[in-house]
Amino acid sequence: MNWINKIINKNIKVTNKSYIPNNIWTKCDNCNQILYKKELIKNLNVCPKCDYHMYISARLRLNTFLDKNKKLELGTNIIDKDIFNFKDRIKYKDRIIMAKKLTKEYNSLIVIKGTLYNMPVISLSFEFKFIGGSMSVAVGEKFLMAVNQSLKDNCPLICFIASGGARIQEDILALMQMAKVSAAIYYLKEKCLPYITILTNPTMGGVFASLAMLGDINIAEPKALIGFTGSSIIEKTIHKKLPDNFQKSEFLLDKGAIDLIIHRLDIRIRVARILAKLTHRTYPK
């Protein structure tokens, strides 16, 4: 077989590996299929092989949900602070710096004023890669600001949620945000302004127990993990085996805890149609 090696060595030039671009391919978190990254992003990070809804950044979610023009980000001056000088393995202020570098965001909640099929809306989205999308004092303030803007503009509020719950580094002050945001939502209901939540994977803890489940319509993505605490903790507490799909969006829909499950690629048009009915506007097609 030496003659084959001679031909290969003589006629085929090996490309320098440094010229091969990085991040061309990625792997599905569910089926482990290798996927072309650009095509996956076009598909809003939904696996074309198994239809699994993978992580999507909060900013990309809002940018693809809202109309392309007439967008204004709100609350960029509201930032996280290390109130208690908290430290576990590392300092909390260092965690904040690391999260900002990783996500290029100010904190775990993004608020954008824009339009959806020409309907004015205030939209929010939790960034899970920013300390698990956890709810801090700054997030509570930002949510309150979004509600006030919705009241001022007399328009609906739409919230995409991906969170592990209240931020432990801010202790009781983070837990107090549950009451703050719940009270704020009451004013939307008092003024008959629609508040719609879209629960994504995961929606857990204090966020689930407050703003996530108070929507006039609570929507979820397929197979999203939704609940207050982990199933293993519940099993140890009640000493019973839970169903395999426990705390998945399909389980919650079957039990009446949520109203709809909508595929990520359909959320924009479906939410627009819901809002059109609720606000007596032209029905988008």
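The structure displayed is predicted, hence computed values, not measured ones.

Q: Any details on the packing of helix α5 (residues 137–153) against helix α6 (residues 171–190)? Residues and values, ideally.
A: Look at α5 against α6: their axes get within 9 Å of each other, and the N-to-C directions meet at 5°. Classed by the angle they form, the pair α5 and α6 counts as roughly parallel. For the pair formed by α5 and α6, the contact residues are V137, G140, E141, F143, L144, V147, S150 and L151 on the first element and L173, Q177, K180, V181, A184, I185, Y187 and L188 on the second. Partitioning the contact of α5 with α6 into residue classes produces 11 nonpolar, 3 polar and 2 charged.

Q: Quick one: what's the story with the packing of aromatic side chains, residue by residue and with numbers?
A: Evaluated as defined, the whole model comprises 5 aromatic pairs. With 4.9 Å between their ring centres and 80° between their planes, F65 and F160 make a pair best called edge-to-face. Taken together, the positions of F65 in helix α3 (residues 58–65) and F160 in strand β6 (residues 157–163) put the pair 95 residues apart, joining distant regions of the chain. For the pair formed by F65 and F160, the shared burial category is buried.

Q: Help me get a handle on the pattern of salt bridges, residues and values and all.
A: Evaluation of the coordinates by the stated rule reveals 12 salt bridges. Among the salt bridges present, the one from D153 reaches K113, with a minimum N-O distance of 3.2 Å. With a gap of 40 residues between them, D153 in helix α5 and K113 in strand β4 (residues 109–116) connect regions that are remote in the sequence. D153 sits in the partly exposed class, given a relative accessible area of 26%. The class for K113 is partly exposed, based on a relative accessible area of 30%. Put simply, E235 and K241 hold a salt bridge, and the shortest N to O gap is 3.9 Å. Residue classification places E235 among the partly exposed residues on the basis of a relative accessible area of 23%. Among the ionic contacts, a cluster of salt bridges with common partners joins R59, E73 and E105.

Q: Describe the pairing of strand β7 (residues 195–204), with residues and values.
A: Along a regular strand, successive side chains alternate from one face of the sheet to the other. Counting buried residues in β7 gives 9 out of 10 residues, a clear majority hidden from the surface. Tracing the backbone out of β6, into α6 and back to the parallel element β7 gives a crossover that is right-handed. By the bridge criterion, 4 bridges tie β7 to strand β8 (residues 217–220) in an arrangement that is parallel. Of the residues in β8, the one forming a bridge with I196 is I217. Here β7 pairs with strand β9 (residues 226–227) via 2 bridges, running parallel. The residue bridging M204 from the neighbouring strand is G227, located in β9.

The rules behind these values
Residues numbered from 1 in each chain as written. Predicted model: local features only at pLDDT ≥ 70, side-chain atom pairs only at ≥ 80, totals over all residues. Heavy atoms only, no water. Axes fitted to C-alpha atoms, helices over the stretch in contact; angles between N-to-C directions. Helix = DSSP H or I, 4+ residues; strand = E, 2+ residues; numbered from the N terminus. Parallel < 35°, antiparallel > 145°, perpendicular 65-115°, else oblique. Contact = heavy atoms within 4.5 Å. Nonpolar A, V, L, I, M, F, W, Y, C, P; charged D, E, K, R; others polar. Phe/Tyr/Trp six-rings, centres within 6.5 Å; stacked < 30°, edge-to-face > 60°. Buried < 20%, exposed > 50% of the residue type's maximum accessible area, 1.4 Å probe, protein only. Salt bridge = Lys/Arg side-chain N within 4 Å of Asp/Glu carboxyl O. Right-handed = clockwise from strand over helix to strand, strands pointing away. Pairing = 2+ DSSP bridges.

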